[in-house]
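Descriptive analysis of the structure
Residue-level listing of the chains:
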Amino acid sequence: MSSVDSSGDGGKWLDAHYDPVAGLYTFSSCIDLADLSGDRESRLVVGDLGTGSSGMKLKVYRGTALISENSLLDLPAGLVAFFMDLHEPRIPAVAVASGPCIYVYKNLRPYFKFTLPSLDINPLEQDVWQQAREGQIDPVMLKEMLESIRKKADVPLSVRSLRFLSLESDEVDEFVQLYKQQPIRRQTVITCIGTLKKSTADEDGISCLVIGTENSDVFILDPEAFTILCKMSLPTVPTIMDVTGQFDVEFRITVACRNGSIYILRRESEKPKYCIELSSHPVGLVRVGKNMVVGCTDESLQGFTQKGKKLWKIILPAPVTTMAAMDLPTRGLQAVLVGLANCQVHLYRDKNLLSTIKTPDTVTSICFGRYGREDGTLIMTTKGGGLMVKILKRTAVFDDMDSTPGPPLAQSVRLNVPKKTKLYVDQTLRERENGLAMHRAFHMDLSRTRVAAARAYVKALESSLTPMSSSLSKPLKMNAVVQGLGPSFKLTLNIQNTASCRPIMNLAINFLYDDNLYRIRNPYMKIPLLVPGLIYPVETFVECTSDKGISDIIKVFVLHEEKSSPLLTAHINMPVSEGLVLS
Amino acid sequence: MGLLDKLSGWLGLRKKEVNVLCLGLDNSGKTTIINQLKPSNTAAQEIVPTIGFNIEKFKSSSLSFTVFDMSGQSRYRSLWEHYYKESNAIIFVIDSSDKLRMVVAKEELDNFLSHEDICNKKIPVLFFANKTDLRDALSSVKVSQMLCLENIKDKPWHICASNAIKGEGLQEGLDWLQGNFPFLSSYRDNGENGSQN
Ligand SMILES: Nc1nc2c(ncn2[C@@H]2O[C@H](COP(=O)(O)OP(=O)(O)O)[C@@H](O)[C@H]2O)c(=O)[nH]1
Ligand SMILES: [Mg+2]
């Protein structure tokens, strides 16, 4: 009860109530808030799924207390409170969808039951059962024939036939005896339910029920007569539904479907108007104004326009368990609550995380609205059946800072890009058409460049062309020129200091050669100070002493006076001395 | 006739008008309490409520009551804070049967007590744990625990269980209030409380 910030939500919520053993097992689609007594105090209405196949109940809470319970015959798929008539005082009815039926409660008492129309039955199936009834075929035969119908039929078999096909052989006789006299029925079940205002946008205006079925249909029901006002078909089974607008004016039904797509249905179109194909399956769907926020199984939250244009996508820290809208018009607050599997509930405005609520258990259903007399109440139920009520502080403010990593706001600002020229368009077309060839040509050229570079390198290594010093402190470059026909040659070594500003001193040149072949006038020479950039020619004379017409390599070393290893080495391929022939 | 006659009689010793601020969440029973307190001849002057903001005022001789709902929208907050400065005593009404909103009442009380015009004033605060006649109502002890009243150290305070419809508990509260007006105490015992107010 203390207002100490223990839940890590920045002190924005007051912990009004937490009952970890409330025994409420439900989802966001089966929970609603409504003023069921006409005293301006909202009650919490929950379709409790119970545990397993029993304990399904319609439960009503007032404040912290459970005030009413009604048993449900089947698992609830959805629950909505809606105004079905104009009677005073304005008290809404509660509709619970389960199986093929909608159970309507008024004043918390069963009032009306609507059952979906049965589906067409495969005539072949009907024939086969007819024959079984008349004793023309035995159960084994019946089984075979039904099996073949099941395989090729475009109209699916009834539940009865499917059940029959799954029986063990010792059970079939009894089953046929039991059911053969009864007519075959094929029923679909309701997967999701929503409400649609009939003709006014008033808070307490009469609403139609909108239901999605396992048969991929969407029905809109008249609130008073419970007749089908409108039927629309989807390519696949709807699982989550959002409805906005008015039936008589214009409306929009957004459904997330089992094939991982979202379809948008409009008035006067039997087929979906827009389709969003998601990259993974939707878990939650919430409309915020005109946009939609979808939570997917790949731990992402995505925003779309009402026409299906993707606006943004963010990655969440854990899988989504449930989602709900947080709408507080008196404070101009519209956001999306996302329950996560890591025991957190995140509040997002667009892609920005406004607040994080830590919960003691994973949240499975969320509902935000007026509860009791408090407008900003957040109701959550947990996996372990707990009930949690938090109230938004009157003083709470949510900073709309862009806290999520991702493209900065500036990125979505439109740049003034000039119009595309014809040349640009032609080039783009060419690139699009010849992409492969261009890519190949590029790789061919790249390979050629590499080969040329490698060759040049090898050549430079082999011929010691203008060797360069690898020392960083004394960068040197040298080339050698041999002049003359022999036996006397003039050897000129051009040395250059390639440093940008530092001169090099105390250098010397030494030669290594076969002294049976050559004699060098100055085998050791001192080099003057090398000013950066200038080329210094160092000359000496080489005498070839052999007369056998052979030549050899003379190795040149540029040395620093204090170092034993040379700074630079060059190999000079001496030409064959031709002078001997003359003499 | 009215429960206030005695109180205002006491206060009549002073020429100055005394402002009592009656606060609490909506539906806690403030209007009902005030109606019980009103002398039969006092004409209530009610300011027309704007959405989310509702002020009631009435005067009885030297006593002026201002009542408002502490819930609703925050943008009206500055309107009621305007009355804090001139207040000489506070009546804070709690709906003891509204367990869910006890945290909201506490939040509003804490905000109120830490307001700059209130926190340094040693004015008496009277709590009515109202609607104790209802079956699921909390006791006044429980209410005072949930509101952490023991933390109020610098102001005289008192909590009374009440049933505003029948008027039960109101007299006890007013008797306490009478004995705790700072200027009344100072009138009686100048030495101790003279520096207050
Ligand atoms: N049972 C019961 N009801 C009360 C009590 N005090 C007020 N009420 C009822 O609570 C409702 C709200 O009272 P009101 O004085 O208008 O509350 P305000 O919003 O604080 O002015 C009315 O219906 C009153 O009749 C009480 O002590 N017991
Ligand atoms: Mg009132």
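Residues numbered from 1 in each chain as written. Chains lettered and ligands numbered in written order. Predicted model: local features only at pLDDT ≥ 70, side-chain atom pairs only at ≥ 80, totals over all residues. Heavy atoms only, no water.

Quick look at the overall build of chain A
In plain terms, the rule: Strands are runs of DSSP state E lasting at least 2 residues, helices are runs of H or I lasting at least 4, and numbering of each runs from the N terminus. Radius of gyration: C-alpha atoms only; globule rule: 2.2 Å multiplied by the number of residues to the exponent 0.38. The buried label goes to any residue with under 20% of its type's maximum accessible area, the exposed label to any with over 50%, and the partly exposed label to all in between, with areas taken from a 1.4 Å probe on protein chains only. The criterion used for residue contact is that any of the two residues' heavy atoms lie within 4.5 Å. Shrake-Rupley sampling with a 1.4 Å probe provides the accessible areas, and residues are treated as covered by the protein chains on show and by no other component. Residues scored as positive are Lys and Arg, those scored as negative are Asp and Glu, and His as well as the terminal groups of each chain are ignored. We put the charge of a Lys on NZ, of an Arg on CZ, of an Asp on CG and of a Glu on CD.
Per the secondary structure count, chain A includes seven helices and 36 strands. In terms of overall size, chain A is more extended than a compact globule, its C-alpha atoms giving a radius of gyration of 44 Å where 583 residues would be expected to give roughly 25 Å. Projected onto its principal axes, the C-alpha coordinates of chain A cover approximately 135 × 75 × 55 Å. A buried classification covers 46% of the 583 residues belonging to chain A. Looking at chain A alone, contacts between residues at least 24 apart form 48% of all its contacts between residues at least 6 apart. A total of about 30600 Å² of accessible surface is found on chain A, and carbon and sulfur atoms cover 53% of it. When the 66 basic and 63 acidic side-chain charges of chain A are each reduced to a single mean position, those positions are 7 Å apart.

Here's the deal with the packing of helix H2 (residues 139-152) of chain A against helix H4 (residues 172-179) of chain A
All names here are of chain A. Under the convention used in this document: Helix axes are fitted to C-alpha atoms over the stretch in contact, other axes to C-alpha atoms as well, and angles between N-to-C directions run from 0 to 180 degrees. Working definition: roughly parallel below 35 degrees, roughly antiparallel above 145 degrees, roughly perpendicular at 65 to 115 degrees, and oblique for all remaining angles. Residue polarity is assigned by list, with Asp, Glu, Lys and Arg as charged and Ala, Val, Leu, Ile, Met, Phe, Trp, Tyr, Cys and Pro as nonpolar; anything else, Gly included, falls into the polar class.
At a minimum axis distance of 10 Å, the contact between H2 and H4 shows a crossing angle of 80°. Between H2 and H4, the angle is such that the two are roughly perpendicular. Contacts from Pro139, Leu142 and Lys143 in H2 reach Val172, Asp173 and Val176 in H4. In terms of residue class, the contact of H2 with H4 is built from four nonpolar, no polar and two charged.

Topic: the UniProt feature "domain: Bardet-Biedl syndrome 1 protein GAE" (unreviewed entry) in chain A
Heads up, the condition is: UniProt positions are given in the numbering used here, feature names are shortened, and annotations may be inferred rather than shown by experiment.
According to UniProt, the "domain: Bardet-Biedl syndrome 1 protein GAE" (unreviewed entry) feature falls on residues 476-578 of chain A. Secondary structure within residues 476-578 of chain A divides into 0% helix and 53% strand; the distance between the first and last C-alpha atoms comes to 33 Å.

Some thoughts on the UniProt feature "binding site: Mg(2+)" (unreviewed entry) in chain B
All names here are of chain B. Residues given the UniProt feature "binding site: Mg(2+)" (unreviewed entry) here are Thr31 and Thr50. Along the polypeptide, Thr31 turns up in helix H2 (residues 30-37). Here Thr31 falls in the partly exposed class, since its relative accessible area comes to 35%.

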